[in-house]
Amino acid sequence: MPSMFIGGAERSLLGLLDAFDYNVYDVSLFLYRHEGDFLPFINEHVRILPAMPEYETFDVPIKALLRSSKFKYGLLRLFAKVKQRLHSKKKPDETGVWMHMQKISQSLQKSLPEIPGKYDLGIMFLGVADTLVNKVDAKVKLAWNHTDYTTLHPDKTYDRKIFRELDYVVSVSEESKKQFLNVYPELQDKAIVIENILSPELIRKQSEEESIGMRRNEGETILLSVGRYSYAKNFDNVPDICRRIVESGVPVKWYIIGYGGDEAIIKQKIEENDMQAHVILLGKKTNPYPYIKNCDIYVQPSRFEGKCVTVREAQILHKPVVITNYASSKSQLDDGVDGVIVPLDNKQCAEGISAFIVNADHQGKVIRGTYDKDYSNKAEVEKIVSVLENCGF
């Protein structure tokens, strides 16, 4: 795992680590960087392997590396940047953040030390899986896919080289598996689904804390969204959607918890739509659960998702949930039963949220629907056991 900063994949990893039976399994965790607000929440039975400074060079600025004792890694990162630009000119359809990560990882591989230990099973939980292939001594190897792979625009040649060395590629929903196979249909036999595993007990316990900064004016409905400030989450369109809701006569305040590169864009959109009193960025929160518990409706306005962890967490806390109609939305919830799906288009999205806000009966039905389902998915860990059994263990 790259690190334990706040994010859906990181929370999902915590759930997976809590689901193992430590009387049966011996689990080690290797982090590229021993950083992040979620570090204290790693299961106490997990052996965290010692840090290796070479792995920290993945996301240190190139200039800083060139001025340090890790000069060689700075040159490799510079080489990766040149390769990325040349690749983008040659294949413009394979251009984006994921391809950039591939080039960095590919360039650093030969200079990275082996990760210590011998394992029955090795998992790359987030990021490019070449490190798992090249640096981990494991009999069975899995790589996790947390998103809509059709949106990543990877270097397919490098992807195929890595995937050939893996036993399985794990997607977090049937829809994200389908999207992955749209890109790599030849990997049908290696594609499996293991859904995100969560800890309802931890979520409910942490939700009892105070939600500082969340205020309600009389008559307002409190909406909440949680996620990285990134293109995928679509928070840049929230001010426009919120303005349309307010102009329709439905008073709301929409809080957004998160952090990331799109913060300036979101703030600009808030000003452009004059939504300073209605759209409030709360920033990064180690514990978002009190805010989820105290909102009226949880909204996930994403452009695309694999399977959104925070939607599940809101359902665990029995909140009415609204999500946009991204590609994997129907695998996320049962529309009208334990949540509502609205169009991604801003105008129609606003209309759908407004209609849900004023329909208390519909909200009540959705809330009742959350009591009938197990959102922890702890049984999903048995699929990992099955993988080992299928491979002869």
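Above this note sits the structure.
A brief structural summary. (Residues numbered from 1 in each chain as written. Predicted model: local features only at pLDDT ≥ 70, side-chain atom pairs only at ≥ 80, totals over all residues. Heavy atoms only, no water.)

Moving on to the overall build of the protein chain. When its secondary structure is counted, the protein chain shows 16 helices and 12 strands. Over its C-alpha trace the protein chain gives a radius of gyration of 22 Å, about what one expects of a compact globule, namely 21 Å for 393 residues. Projected onto its principal axes, the C-alpha coordinates of the protein chain cover approximately 60 × 45 × 40 Å. Within the protein chain, the proportion of its 393 residues that are buried is 56%. Summarising the internal contacts of the protein chain: among those between residues at least 6 apart in sequence, 68% fall at separations of at least 24. Both charge centroids of the protein chain, one from 52 positive and one from 54 negative side chains, sit 6 Å from each other. (Helix = DSSP H or I, 4+ residues; strand = E, 2+ residues; numbered from the N terminus. Rg over C-alpha atoms; globule rule 2.2 N^0.38 Å. Buried < 20%, exposed > 50% of the residue type's maximum accessible area, 1.4 Å probe, protein only. Contact = heavy atoms within 4.5 Å. Lys, Arg positive; Asp, Glu negative; His and termini not counted. Charge placed at Lys NZ, Arg CZ, Asp CG, Glu CD.)

For the structure shown, the criterion picks out 18 aromatic pairs. Here Phe163 and Tyr184 contribute two aromatic rings whose centre-to-centre distance is 5.6 Å and whose plane-to-plane angle is 70°, an arrangement assigned as edge-to-face. In this pair, Phe163 is assigned in helix 6 (residues 156–163) and Tyr184 in the loop between helix 7 (174–183) and strand 6 (191–193), connecting sequence segments 21 residues apart. Its relative accessible area of 6% is what places Phe163 among the buried residues. By relative accessible area, Tyr184 is classed as buried at 0%. Among the aromatic side chains, those forming a connected cluster through ring pairs are Trp98, Tyr149, Phe163, Phe180 and Tyr184. Its guanidinium or amino end placed over the ring of Tyr259, Lys284 lies 5.3 Å from that ring's centre, counting from NZ or CZ. The ring centre of Tyr231 lies 4.0 Å from the NZ or CZ of Arg303, which sits over that ring. (Phe/Tyr/Trp six-rings, centres within 6.5 Å; stacked < 30°, edge-to-face > 60°. Lys NZ or Arg CZ within 6 Å of the ring centre and 35° of its normal.)

A word on the state of the cysteines. Covalently bonding the sulfur atom of one cysteine to the sulfur atom of another cysteine gives a disulfide. Applying the stated criterion across every chain yields a total of 0 disulfides. Unpaired in this structure, Cys308 has its nearest cysteine sulfur neighbour in Cys295, at a distance of 13 Å. With relative accessibility at 3%, the residue Cys308 sits in the buried group. (Disulfide = S-S within 2.5 Å.)

Keep in mind these values describe shape, not function.
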